[in-house]
Amino acid sequence: MSTHHGESAVRPEADKVLKDIADYVHNYNITSDLAFETARLCLIDTIGCGLEGLRFQGCSKLLGPVVEGTIVPNGTRVPGTNYQLDPIRGAFNIGTMIRYLDFNDCFLAAEWGHPSDNLGAILAVADHLARQGQRLTVRDILESMIKAHEIQGGLALLNSFNRVGLDHVVLVKVASTAVVSKLLGLSHSQTIDAISQAFVDGQSLRTYRHAPNTGPRKSWAAGDACSRAVNLALLVKKGELGLPSVLTAKTWGFYDVLFKGKQFEFQMPFGSYIMENVLFKISYPAEFHAQTAVEAAHIIHAQLKAMGKSSDDIKSVRIRTQEAAIRIIDKQGPLDNFADRDHAISYMVAYPLIFGELTSESYTDKSAADPRIDALRAKIYCVEETTFSVDYHEPSKRSIGNALSVELIDGTVLDEVIVEYPVGHKRRREEGAPLLIEKFKKHISYHYDADHQKKILATVSDTENFSKLPVDQFTDLFVKQ
């Protein structure tokens, strides 16, 4: 006979990553003026992207309460609508509309992502609490955004989730859970519990948003992550315990089950680096690895026009690009919907070469039906440029370079057009900030009359007083007229 004493039932100490995130959320003081100003621009832009998403039926049909007609007392207000929802459903609504067009901000590293996705959870919870009488201002939203950006981006700097088949929205769930835990009044230890739950929540982590041959990209994945984050924080607030060794537990932990036994690495301590260096999609609603390629395509379209030629005269287009772009958006064959098209570099380059523009409407079924698009896509191919791949990861650069070379049917080869930094990059922030406001003006113009547009613009442009504005007064600005 053999003797077996069984597993120890003693709860282990919480994993260091969980404690570090909770320490950052509860104890770190954001002092960077640059971070707060960038967060202000980010908040404005993200709300605008959500409003723009509402104009598309594919987005609007996903929104509203689960039971039609439900109005929640002191509920979350969903911008651009009259919905008043519980904070979990509110987070889904806001997160979905923000991300639907893929026009919100971006951060690129070993893992890519859209840190402003977290606003879905942050705004839903903050607005609900404000309407219950809690004193919260826009500055609280900005601070939560800075910290959510930092958590998501900090985890993304050196850790590639996509290489093990995990979508980056898992980081939205983790970051949102952390920051809304503090907003909801959870203690430091409860925040650790909530964050641990975010790593094991039943959400299908493999949402296949970028994987080949897996069907359409889930346009509501970010909204789902936001709603799950709020739900987890509320469950812990009611007494649900966490899983302290959720990452490091042998056999059953996140590292062994989902990360091939590898532990997370960190390039720097949590601070405000990610918000300060975030990328804005200003000129084009295109997946960010293609932003500079789209800019180059516009330049070439103008050159062709000046030569008295058009895209019909093109024989081939070579795109020198980063390794990440080849892995994520170098796609051939049929593109079934909006979400597929804005994640295919051949489509995003072909469209402006033909039409001289790339807008949200460029991805609709009606626009995509033009046979010239797929004909030109077939002539476009990508090659990796090692220098671009290296500079993509260099902390002092973080460029997103693309270079387009076009050969015409008559044998003419146009000068290669190289663009390394998109207008939404930190290096072009002075140039980009006014354009970001113009983008916001366009997005609100479809929803509000001229007087209300002026009121919104005056409020968000008042840098001295904007951060002092109560949260519910801020969200009331965007109620449907």
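Residues numbered from 1 in each chain as written. Predicted model: local features only at pLDDT ≥ 70, side-chain atom pairs only at ≥ 80, totals over all residues. Heavy atoms only, no water.

In the nomenclature of an unreviewed UniProt entry, the protein chain is known as 2-methylcitrate dehydratase of Paxillus rubicundulus Ve08.2h10. The protein chain has a UniProt comment under Sequence similarities (unreviewed entry) that states "Belongs to the PrpD family." (UniProt positions renumbered as here; feature names shortened; annotations may be inferred.)

Draft legend 1. Region of the structure containing the UniProt feature "domain: MmgE/PrpD C-terminal" (unreviewed entry) in the protein chain. UniProt annotation of "domain: MmgE/PrpD C-terminal" (unreviewed entry) refers to residues 284-462 when read in the numbering used here. Within the segment residues 284-462, helix and strand shares are 48% and 13% respectively, and the terminal C-alpha atoms sit 27 Å apart. (Helix = DSSP H or I, 4+ residues; strand = E, 2+ residues; numbered from the N terminus.)

Draft legend 2. Representation of the nonpolar core. Grouped together as the largest cluster of nonpolar side chains are 151 residues, with contacts concentrated most on Leu43, Phe254, Phe264 and Phe474. Here this core gets 11 residues from one element, more than from any other, and that element is helix 2 (residues 33-54). Among the nonpolar cores identified, the runner-up in size contains 5 residues, and Phe107, Ala109, Leu157 and Ile274 belong to it. (Core = buried A, V, L, I, M, F, W, Y, C linked by side-chain atoms within 4.5 Å. Buried < 20%, exposed > 50% of the residue type's maximum accessible area, 1.4 Å probe, protein only.)

Draft legend 3. Representation of the sheet that holds strand 4 (residues 380-384). A sheet is described by the order of its strands in space; here 4 strands give the open sequence 4-3-5-6, paired in mixed fashion. For this open sheet the edge positions go to strand 4 and strand 6 (417-419), each flanked by a neighbour on one side alone. Within this sheet the neighbouring strands show an average axis-to-axis angle of 20 degrees, counted without direction. With respect to the sheet, helix 12 (residues 291-306) is in contact with strand 3 (314-321), strand 5 (402-408) and strand 6, its orientation differing from that of strand 5 by roughly 30 degrees. (Pairing = 2+ DSSP bridges. Axes fitted to C-alpha atoms, helices over the stretch in contact; angles between N-to-C directions. Contact = heavy atoms within 4.5 Å.)

Draft legend 4. Fine view of the state of the cysteines. If you walk through the whole model with that rule in mind, you get 0 disulfides. Distance from the sulfur of Cys59, which forms no disulfide, to the nearest cysteine sulfur (Cys49) is 12 Å. Residue class for Cys59 comes out buried when judged on its relative accessible area of 0%. (Disulfide = S-S within 2.5 Å.)

Draft legend 5. Layout of the packing of helix 5 (residues 119-131) against helix 7 (residues 169-183). At a minimum axis distance of 9 Å, the contact between helix 5 and helix 7 shows a crossing angle of 10 degrees. Compared by their axis directions, helix 5 and helix 7 come out roughly parallel. Where helix 5 crosses over helix 7, the handedness of that crossing is right-handed. Across the interface between the two elements, Ala121, Ile122, Val125 and Leu129 from helix 5 touch Ser176, Val179, Val180 and Leu183 from helix 7. Here the residues of the contact of helix 5 with helix 7 sort into 7 nonpolar, 1 polar and no charged. (Parallel < 35°, antiparallel > 145°, perpendicular 65-115°, else oblique. Left-handed = near helix turned anticlockwise from the far one by under 90°. Nonpolar A, V, L, I, M, F, W, Y, C, P; charged D, E, K, R; others polar.)

Draft legend 6. Highlighting the side chain of Arg398. As for its placement among the helices and strands, Arg398 is situated in the loop between helix 18 (386-393) and strand 5. Although Arg398 is buried, it forms no salt bridge, and the closest oppositely charged side chain is Glu394 at an N-O distance of 7.9 Å. At 3.2 Å, the side chain of Arg398 and the side chain of Tyr273 are in polar contact. (Lys, Arg positive; Asp, Glu negative; His and termini not counted. Salt bridge = Lys/Arg side-chain N within 4 Å of Asp/Glu carboxyl O. Polar contact = N/O pair within 3.5 Å; in protein donor to acceptor, adjacent residues only side chain to side chain.)

Draft legend 7. Fine view of unusual backbone geometry. Its identity as a non-glycine residue notwithstanding, Asp102 has a phi of 60 degrees, on the positive side. A positive phi angle, close to 45 degrees, is found at Arg398, a residue other than glycine. On the accessibility criterion, Arg398 (9% relative accessible area) is buried.

Draft legend 8. Inspection of the pattern of salt bridges at higher detail. Applying the stated criterion across every chain yields a total of 30 salt bridges. With its nearest N and O atoms 3.7 Å apart, the salt bridge here joins Lys182 to Glu143. A residue pair is termed long-range when its members are at least 10 positions apart, and Lys182 in helix 7 and Glu143 in helix 6 (residues 138-156) qualify at 39 residues. Using a relative accessible area of 35% as the deciding quantity, one classes Lys182 as partly exposed. Here Arg341 makes a salt bridge to Asp365, at a shortest N to O gap of 2.9 Å. Residue Arg341 is found in helix 14 (residues 338-341), and its partner Asp365 is found in helix 16 (residues 365-368); the two are separated by 24 residues along the sequence. Judged by relative accessible area, which is 53%, Asp365 ranks as exposed. Within the structure, one salt-bridge network assembled from shared partners comprises Arg77, Asp127, Arg131 and Asp476.

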